[in-house]
Amino acid sequence: MANILVVDDDLNILEVIQTRLEANGYSVETYSDPLEALDVVREKEFDVIVSDVRMPQIDGLEFLRRVRSFRMGIPVILLTAYGAIPSAVEAVKEGAFDYLTKPFEGRHLVQNIERAIQERERSWEAKEPKEGPCFPGVYGVSPKMKALYPVLERIIASDSTVLVHGESGTGKELIAQMIHFNGPRKKERFVIMDCGATPGSLIESELFGHVKGSFTNATETRKGMFELADRGTLFLDEISSMPLELQSRLLRVLQDGQIKRVGESLMRKVDVRVLSASNMDLQERVKKGLFRLDLYYRLAVLKVELPPLRERQEDVAMLAEHFLQNFCAKMKKEPMRLEERATEALLRYAWPGNVRELKNVIEAGVVLSSGPTLSLQDLYCAGLPLEPMGSVDCQPLLEVPDPGGSLPAYLENLEKKLILKALEVNKWVQKDAAEQLGISPRVLCYKIKKLEIDIAMLQEKSG
């Protein structure tokens, strides 16, 4: 039974289409909110999507672009009023399967759906496992992102190693997740090893495992990341931090498919697809003698270059809108819209922290905003740097450092500012503050301790 998603802000039309399609044996889900429908598409696989062109929040063309950015193979059929035919034609150029002009006969819609399903069955994606999750940081309509999608399709279908290169915050881990969860190993484990955050002395044990008593504090026998990822995917983040003396062991595993636990002589066979990522140029590291050339070639059989956000300006407004509506829903706020001046400021900024920084600024803006729009002032209060000669009437609880410094420190201080603001707004009730921030009370308690926030003292000061 084929699964059909129908999106239209007219509830009567939704009911009519659902009745007709279910009578023809289809499983149908209907949504009047296109943003809500997008969230469902990210989590669930559909065979065909039917969408109206004229809808509030985002129109059918924008809806199509977003769907295709993370579900490239799903046919989208558009429904349009006679006067909106030019928009539908433009949508077909953007990749829509077809369009129908309202009013249309139900049998014509069924025929189009049947044709779309038949063509999809002949496509590559119909042969691949489905239902893999998709990730918002991966999509975009800029030329550089559009050029990336066909490359990713071919990479997903293979089982070769992949090296993802890009600046911090560009979404390297999201790309790795997309490759795994849309590929043939999707039902197996996706295991992450952060080489940059793991002490060099522990990387060997973390990767290959160890036996009890093999070194100090080895109180039990443990499997390593390679064994945990057997039949699945291992993602080695910040591979440039791998100690030189361990690189030869990693190379041997990639060549032979066998690992040996620390303190053990037994060789164990593993079947793992290795994906790696780096924000450094590994070829430069090779020239400096800090990275093995043979390991580089083994890791970079396939290579993905992620462009920084400043080189994909066409995606900034789309990403900002996506994050805005997601955080509104997460924080149980009414849907907001971006003020025109706020959008212009986002487009002018260079985003040294890339997509991660944009996401954090939008999240902070949603928390700090008190109106139906996200204004330029909200963004400045959320940490977006003031433009030359700019001024803003905003009194943050904690000054945010100049983003020209350490990005981790900048983000940590921004997080602290958000937590303080949420606590103050909710009269220092942690449960209510956690709900507003979209996190659990336990996570908030952990962050309060980590960030050394003295609630009793702040309550006393506020009076």
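The coordinates are above.
In short, a report on the structure. (Residues numbered from 1 in each chain as written. Predicted model: local features only at pLDDT ≥ 70, side-chain atom pairs only at ≥ 80, totals over all residues. Heavy atoms only, no water.)

1. Quick word on the environment of His-322
Piece 1. Tracing the chain through its elements places His-322 in helix H13 (residues 316-330).
Piece 2. Owing to a relative accessible area of 3%, His-322 belongs among the buried residues under this scheme.
Piece 3. Note: C-alpha distance between His-322 and Ile-362 (40 residues apart in sequence) is 9.7 Å. (Helix = DSSP H or I, 4+ residues; strand = E, 2+ residues; numbered from the N terminus. Buried < 20%, exposed > 50% of the residue type's maximum accessible area, 1.4 Å probe, protein only.)

2. Details of the pattern of salt bridges
Piece 1. Scanning the entire structure with this criterion turns up 18 salt bridges.
Piece 2. In this structure, the salt-bridge partner of Glu-284 is Lys-287, at a minimum N-O distance of 3.5 Å. Here Glu-284 pairs with Lys-287, and both are found in helix H11 (residues 282-287), just three residues apart, close to one helical turn.
Piece 3. Judged by relative accessible area, Glu-284 falls into the partly exposed class, the value being 35%.
Piece 4. By relative accessible area, which is 67% here, Lys-287 ends up exposed.
Piece 5. As a salt-bridge pair, Arg-312 and Asp-315 come within 2.8 Å of each other at their nearest N and O atoms. With respect to class, Arg-312 is no different from Asp-315; both count as buried.
Piece 6. Here the salt bridges do not stand alone but share partners, grouping Asp-159, Arg-185 and Asp-271 into one network. (Salt bridge = Lys/Arg side-chain N within 4 Å of Asp/Glu carboxyl O.)

3. Describing the packing of H13 against helix H15 (residues 354-368)
Piece 1. Running from N to C, H13 and H15 cross one another at 45°; their axes reach a closest spacing of 9 Å. Taken as axis vectors, H13 and H15 run oblique relative to one another. Crossing of H13 against H15: the hand is right-handed. Of H15, the residues touching H13 (which contributes Val-316, Leu-319, Ala-320, Phe-323, Leu-324, Phe-327 and Cys-328) are Val-355, Leu-358, Lys-359, Ile-362, Glu-363 and Val-366.
Piece 2. Residue composition of the contact of H13 with H15, grouped by class: eleven nonpolar, no polar and two charged. (Axes fitted to C-alpha atoms, helices over the stretch in contact; angles between N-to-C directions. Parallel < 35°, antiparallel > 145°, perpendicular 65-115°, else oblique. Left-handed = near helix turned anticlockwise from the far one by under 90°. Contact = heavy atoms within 4.5 Å. Nonpolar A, V, L, I, M, F, W, Y, C, P; charged D, E, K, R; others polar.)

4. Brief notes about empty space enclosed by the protein
Piece 1. Taken as a whole, this structure holds three cavities of 30 Å³ or more when the rule is applied.
Piece 2. By volume, the second largest cavity amounts to about 40 Å³.
Piece 3. Along the walls of the second largest cavity sit Ser-158, Asp-159, Ile-179, His-180, Gly-183, Pro-184, Arg-185, Thr-233 and Arg-273, which together make up its complete lining.
Piece 4. Looking at side-chain class alone, the lining of the second largest cavity contains two nonpolar, four polar and three charged residues. (1 Å grid on protein atoms, 1.4 Å probe; cavity = no way out; pocket = protein on both sides within 12 Å on 5 of 7 lines; lining within 4 Å. Points joined across faces, edges and corners; volume = space filled by probe spheres on them.)

5. Here we look at the sheet that holds strand E2 (residues 27-31)
Piece 1. Strand order across the open sheet formed by five strands is E2-E1-E3-E4-E5, with parallel pairing between neighbours. If you trace the sheet from one side to the other, it starts and ends with E2 and strand E5 (98-101), each paired once. In this sheet, neighbouring strand axes are inclined to one another by 20° on average, regardless of whether the strands run parallel or antiparallel.
Piece 2. Looking at chain direction, strand E3 (residues 48-52) and strand E4 (residues 76-80) are connected through four bridges and run parallel. Each residue of the ladder has a partner; that of Asp-52, found in E4, is Leu-79.
Piece 3. Contacts from helix H1 (residues 11-23) reach strand E1 (3-7), E2 and E4, with the element oriented near 170° to E2. (Pairing = 2+ DSSP bridges.)

6. Notes on the environment of Glu-204
Piece 1. For Glu-204, the location among the structural elements is in helix H8 (residues 200-208).
Piece 2. Each C-alpha atom of the pair Glu-204 and Gln-247 lies 9.9 Å from the other, and the pair is 43 residues apart in sequence.
Piece 3. With sequence-adjacent residues up to four places away left out, Glu-204 is seen in contact with Gly-209, Leu-246, Arg-249 and Val-262.
Piece 4. Of the polar contacts made by the side chain of Glu-204, one reaches the side chain of Arg-249; its length is 2.4 Å. (Polar contact = N/O pair within 3.5 Å; in protein donor to acceptor, adjacent residues only side chain to side chain.)

7. Overview of the sheet that holds strand E7 (residues 190-194)
Piece 1. The sheet built from five strands is open, its strands ordered E7-E8-E11-E6-E12 with parallel pairing. Taken across any chain shown, the strands that pair with only one partner, and hence form the sheet edges, are E7 and strand E12 (302-305). Between one strand axis and the next, the sheet turns by 20° as a mean value, whatever way the strands run.
Piece 2. When E7 meets strand E8 (residues 233-237), the two strands line up parallel, connected through five bridges. From the neighbouring strand, Phe-190 faces E8, where its bridge partner is Thr-233.

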